Amino acid sequence: MADTTQFDHDRISHLLADRLLEVPAFQRSYSWDEGNVADFLSDLATARQKQTGYFLGTVVFANATDSHRQQIVDGQQRLATTAILLVAIRDALRDFKKDKSATHIDETYLRGYDLDAEELVERIVLNPADQPAYDLLLARAPLPAEGTSSIADAYRQASRYLRELAPAEDDYRRLIEITTQLDEDVQVLVAVASDLPEAYVIFETLNDRGADLTTADLLKNYLFSQAKHNFALVQATWTKISGDFDKAEDFVKFLRYDYMSRNGHVTTRALYKALQEDIGTGPSKAKKYVQQLDAARATYLALKDVDNTLWESLDFDMRESVLAMRRFGLESSYPLIMATFATWADDKDKAARFFTKVTNWSIRALFAGRLGGSVAEKAFSRAAQLVSNKTAKNQEEVRAALSTLIVGDREFTDNFRAFGNVPLTRAKYLLAMLERAHRVKLSMPLDGMPDWSSRTVTLEHLMPRAEAKNDAVKATYVETLGNMALLEKGLNKNLEDKPFAEKTVTYGTSAFQVTAALKEQQTWTKADVDKRARELASLAPLAWPL
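All chains use their own residue numbering, which begins from 1 and follows the written sequence. Where totals are concerned, whole chains, interfaces and linings use all residues; where local detail is concerned, this predicted model gives features only for residues with pLDDT of at least 70, and gives and counts side-chain atom pairs only at 80 or more. As a rule here, side-chain values cover all heavy atoms of the structure and leave hydrogens and water aside.

K.L.:
An account of empty space enclosed by the protein is requested, with residue identities and associated values reported.
P.N.:
The probe, sized like a water molecule, is rolled over the atoms to show the empty space still left. In this analysis the probe radius is 1.4 Å and the grid spacing 1 Å, with only protein atoms considered; a cavity is a set of points the probe fits into but cannot get out of, a pocket is an open set with protein on both sides within 12 Å along at least five of seven lines, and lining residues have an atom within 4 Å of a point. Grid points are joined across faces, edges and corners, and a volume is the space filled by probe spheres set on the points. In this structure the tally under the stated criterion is one cavity of 30 Å³ or more. Size it by volume and the largest cavity reaches roughly 40 Å³. Looking at the largest cavity, the residues that line it are Leu 431, Glu 435, Ala 485, Leu 486, Phe 512, Val 514, Thr 515 and Arg 532. Each helix is a run of DSSP H or I of at least 4 residues and each strand a run of E of at least 2, with the numbering of both proceeding from the N terminus. Secondary-structure elements contributing two or more residues to the lining of the largest cavity are α21 (424-441), β10 (484-488) and α25 (513-516). Side-chain classes follow a simple rule in which Ala, Val, Leu, Ile, Met, Phe, Trp, Tyr, Cys and Pro form the nonpolar group, Asp, Glu, Lys and Arg form the charged group, and the remainder, Gly included, forms the polar group. Taken together, the residues of the lining of the largest cavity sort by class into five nonpolar, one polar and two charged.

Encoded structure:
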């Protein structure tokens, strides 16, 4: 490393003035928020007040083989914020008619003439997501709406700070002082590697404590540092995978579920070190991990999408299971489901049917109050590990491993009957599954059942919500399942204002058999709601069978 990597001490503005820099396309976007920018500006102000230098840490660059720009491996946030601050200073000076000073900042730190390109170019190029906003800053063009671009928001914040610091033209020297400070007193340690893989080895060494970085950032840098001759493949695969997640916390959640699908439970705090041990060292290990992660990504995304192509290849419908997972937030079982699709990859039907079974177990456990805290997640993760190491080879063996979560029929019926208020989106699913169970019990065909998840099906409150507004007793059961029914939208018009006895005529015409049975009902009191709740609960074990 000593032969190929150059270390130097420099000033932050000099990095912009003396080099052409570029953020690699696969790097995360600019992410400093208002607090980060405020801290940066405050630290600079404190250093100016004390007339001391300010050390801004280490930056890591890599020489590119196909570009004259050095690539920023570590330091993007600090360099981009410095550039944004310099743009704001340039614009403030122009507003004060200090054109020569503004032009000097623009031509020294922001843009310069490139002999090879024979044109004026930006001294720092950000990633494709951030560059359009930065181009607008350089051109002093109208900016995106507040809150839509972190680059633009940082510029607005810096501009407000400068206006407070130098409210009048006579104060312009305060702006020059910041520029001089960035040029002379804000110090950085610079490491320049011969290529990207070598740069990530340096970065991994410098940042092994993970300060201010997400698990995803740390993992990416670790993989890139290990990739060596597999760097292009690892980089491309990582970019593909991470591109499916808009938020860093969602990506970290996926990484954690993937790890737990193979290795058992781990906390978010301990995830990075656990991943390092799981992956190992060397180019082949880095390659193997990202390829496995890419396959896990496909399953994970399918668990959240009813229209995913994974389900299209099956001869049976997975819609209800996917919707149940999403509407009830049953993510604690994801590691187990991911494990089955990975381990039973040669039999997708077996894995998909098991997914439905896990959904049933999860619904039962939810009504029994067994999914709270980390207990369920730990149980599902242990079972996932057994599936991955092929100790548990079928539903029966997995069910035995989940004995603490499994709820028997009698307990489930009691829990279902006594359950309290149910949100509307969940109620539609629950009533639809009970409708299906009712039809199965009576040997009725399922193909005549309307699509409960469509907008043409509504949820009818048998006792209207308005009636419960000023009645404490009615308010206790108006949102319970016993007081709800599925009803076609066309039948639901103007029902709320009608007496219950008249509404039952409409209920009797519904294609939903459980709803149509209400045509025999003469009254609708709390006793009637309780009776219907017991009837619905009796169907629950058949709706979500063990």
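Moving on from the model shown.
K.L.:
I'd like a rundown of the environment of Ala 232, residues and numbers included.
P.N.:
Here Ala 232 is to be found in helix α10 (residues 231-242). Between buried and exposed lies partly exposed: a residue is buried under 20% and exposed over 50% of the maximum accessible area for its type, with that area taken using a 1.4 Å probe on protein chains only. Overall, Ala 232 belongs to the exposed group, its relative accessible area being 58%. For the pair Ala 232 and Leu 196, spaced 36 residues apart in the sequence, the C-alpha separation amounts to 10.0 Å.

K.L.:
Give me the packing of helix α11 (residues 248-263) against helix α13 (residues 283-302): which residues, what numbers.
P.N.:
Look at α11 against α13: their axes get within 10 Å of each other, and the N-to-C directions meet at 105°. Taken together, the axes of α11 and α13 are roughly perpendicular relative to one another. Contacts between α11 and α13 pair Asp 250, Lys 253, Phe 254, Leu 255, Tyr 257, Asp 258 and Arg 262 from the former with Tyr 289, Gln 292, Leu 293, Ala 296, Arg 297 and Tyr 300 from the latter. Looking at the contact of α11 with α13 residue by residue, the class counts come to seven nonpolar, one polar and five charged. Angles run from 0 to 180 degrees between N-to-C directions of axes, and those axes are lines fitted to C-alpha atoms, restricted for helices to the stretch in contact. What sets the label is the angle itself: under 35 degrees gives roughly parallel, over 145 gives roughly antiparallel, 65 to 115 gives roughly perpendicular, and the rest give oblique. We call two residues in contact whenever any of their non-hydrogen atoms come within 4.5 Å of each other.

K.L.:
How would you summarise the packing of aromatic side chains if you had to cite specific residues and measurements?
P.N.:
Note on aromatic pairs: the rings of Phe, Tyr and Trp (six-membered ring only in Trp) are paired at centre separations within 6.5 Å, and the planes decide the class, stacked below 30 degrees, edge-to-face beyond 60, tilted for the rest. The tally for this structure, following the rule as stated, stands at 26 aromatic pairs. Both rings, one in Phe 367 and one in Phe 416, keep their centres 4.7 Å apart while their planes meet at 25°; by these two values the pair is stacked. Placement of Phe 367 in helix α17 (residues 348-367) and of Phe 416 in helix α20 (residues 409-418) is noted, with a sequence separation of 49 residues between them. Comparing Phe 367 with Phe 416, the two get one shared label, buried. On the basis of an interplanar angle of 25° and a centroid distance of 5.4 Å, the ring pair of Phe 500 and Trp 524 is categorised as stacked. Note that Phe 500 is positioned in helix α24 (residues 500-507) and Trp 524 in the loop between α25 and α26 (526-543), a separation of 24 residues in sequence. Through pairs of rings, three or more aromatic residues link up here, namely Phe 328, Phe 367, Phe 412, Phe 416, Phe 419, Tyr 429, Trp 452 and Trp 544. Comment: the charge-over-ring label is applied if NZ (Lys) or CZ (Arg) is within 6 Å of the ring centre and within 35 degrees of the ring normal. Across from the ring centre of Phe 316, 3.8 Å away, lies the NZ or CZ of Arg 353, which sits over that ring.

K.L.:
Got a sec to walk through a nonpolar patch on the surface? Specific residues and values, please.
P.N.:
Patches in this entry comprise residues that are over 30% relatively accessible and not in a salt bridge; like charges within 9 Å are linked, as are nonpolar side chains (Val, Leu, Ile, Met, Phe, Trp, Tyr) within 5 Å. For the area figures, the Shrake-Rupley method with a 1.4 Å probe applies, and any residue is considered shielded solely by the protein chains shown. The term salt bridge refers to a pairing of a side-chain nitrogen on Lys or Arg with a carboxyl oxygen on Asp or Glu at a separation within 4 Å. Together, Tyr 113, Leu 115 and Leu 120 make up a nonpolar patch on the protein surface, roughly 390 Å² of accessible area in all. Among the secondary structure elements, Leu 115 is positioned in the loop between β5 (111-114) and β6 (119-122). Classification of Leu 115 by relative accessible area gives exposed; the value is 67%.

K.L.:
With reference to specific residues and values, describe helix α5 (residues 131-139).
P.N.:
Residues Gln 131, Ala 133, Tyr 134, Leu 137 and Leu 138 constitute the buried set of α5. Axial view of α5: buried residues confined to an arc of 160°, hence all on one face. Check the buried side of α5 and you find it contacts α3 (76-95), α4 (99-110), β5, β6, β7 (124-125) and α6 (150-165). A positive backbone phi angle near 50° is found at Arg 140, which sits one or two residues after α5. Here, the arc refers to the directions that run from the helix axis to the C-beta atoms.

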